[in-house]
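Each chain is listed here by its residues.
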Amino acid sequence: MSVRLVITDAMWGRIEPLLPSDPVRGRRWADHRRTLEAIAWKYRTCSPWRDLPPELGSFQTAHKRLIRWAVDGTWERILTAALTAVDEDNDVGWTVSVDSTACRAHQHSAGARNAMRRPEPEDHALGRSRGGLSTKIHLASDSRACPLGIHVTAGQAGDAPAFEAVMARIRILRSGLGRPRTRPATILADRAYSSRAIRGHLRRRGIRAVIPQPADQIGHRLRKGRAGGRPPGFDAEKYKERNAVERCIARLKQWRGLALRTDKLAIAYQAALHVASISIRVRC
């Protein structure tokens, strides 16, 4: 092929067992590997679907596969299975960093028809501000700068309200008996996540919080005197590891179709984020 491919034989050996098998009856699936390469090519290059090279098959097949597996949760299951396989080798760092990043949305991402909304959010995770349309990616990363959980909202949405939704995405199955692991050892986050609700949520779950306080919260507590209580604990040395989520965001944005959103549907854009996360995860 003249097209540069991203899925090596070693990566395919880890991904292939996680993909759905052919149905017992009816039409067989098109080649999974070529379809994955087609999806990866589209989002790495940020090209229109119709410009897909002929070596990668029909663009309708790749696009329909992306949407279909997004709706039935296949992409999330594949990512969960990949995380489970990595966790068996103790390669998941459970010091988790949480952050968000805003991505510009192309004008073609607007105008989804009403009939296409289900199971879409009402706003299609598109927000309008003075800078134009944008989408925000809320991300949880392990200490190796690999994605653990992803949630998308409109670009003007705040970080703190989406925190619990991001935490709910962290779910790694056990290789044997037992419930899935959903509780990191430590959460690192910046000042945007410093709220009583978030600290209380982490305290109830027994998760250590390493979150600095903003200056206004410190001032409010000091003005109250003894009634303000003690300041929350903060490990400045541990906080230095928060760069992992920044490096994870940089990895995802190397895929130009993720750095600039062109999808009308939020489920399609989030599915592409899952595909990129699977690619990053099996490389880690």
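Now for a description of the structure that goes with this document. These figures come from a predicted structure and were not determined experimentally.

Thoughts on the pairing of strand β1 (residues 95-105)
By the criterion of burial, β1 is predominantly enclosed, with 9 of the 11 residues buried. Looking at chain direction, β1 and strand β5 (residues 186-188) are connected through 3 bridges and run parallel. Within β5, the position partnered with S97 by the bridge is L188. As judged from the 8 bridges shared by β1 and strand β3 (residues 132-141), these two strands associate in the antiparallel manner. Residue pairing in the sheet places S97 in a bridge with S141 of β3.

Some details on helix α9 (residues 243-253)
If you check which residues of α9 are buried, you get A244, V245, C248, I249 and L252. Considered in projection along α9, the buried side chains sweep an arc of 140° and stay on one side of the axis.

Concerning the side chain of D159
Along the chain, D159 turns up in the loop between β4 (147-154) and α5 (163-168). Of the residues examined, D159 reaches a relative accessible area of 14% and is grouped as buried. Side chain to side chain, D159 and S100 meet in a polar contact 2.6 Å long. A polar atom in the side chain of D159 sits 3.3 Å from the side chain of K136. If near-sequence neighbours (up to four positions away) are discounted, D159 is found in contact with S100, K136, H138, A192 and Y193.

With respect to the side chain of H32
Assignment of secondary structure puts H32 in helix α2 (residues 32-45). Judged by relative accessible area, H32 falls into the buried class, the value being 13%. A polar contact of 3.0 Å, which involves the side chain of H32, links it to the backbone oxygen of P20. A distance of 3.0 Å separates polar atoms of two side chains, one belonging to H32 and the other to R65. Apart from residues lying up to four places away in sequence, H32 is in contact with W12, L19, P20, R65 and W69.

Description of the state of the cysteines
Throughout this description, disulfide means a covalent bond between two cysteine sulfur atoms. The final tally for this structure, using the stated rule, is 0 disulfides. With no disulfide of its own, C103 lies 11 Å from the sulfur of C46, the closest cysteine sulfur. Overall, C103 belongs to the buried group, its relative accessible area being 1%.

Calculation criteria
Residues numbered from 1 in each chain as written. Predicted model: local features only at pLDDT ≥ 70, side-chain atom pairs only at ≥ 80, totals over all residues. Heavy atoms only, no water. Buried < 20%, exposed > 50% of the residue type's maximum accessible area, 1.4 Å probe, protein only. Helix = DSSP H or I, 4+ residues; strand = E, 2+ residues; numbered from the N terminus. Pairing = 2+ DSSP bridges. Arc of directions from axis to C-beta. Polar contact = N/O pair within 3.5 Å; in protein donor to acceptor, adjacent residues only side chain to side chain. Contact = heavy atoms within 4.5 Å. Disulfide = S-S within 2.5 Å.

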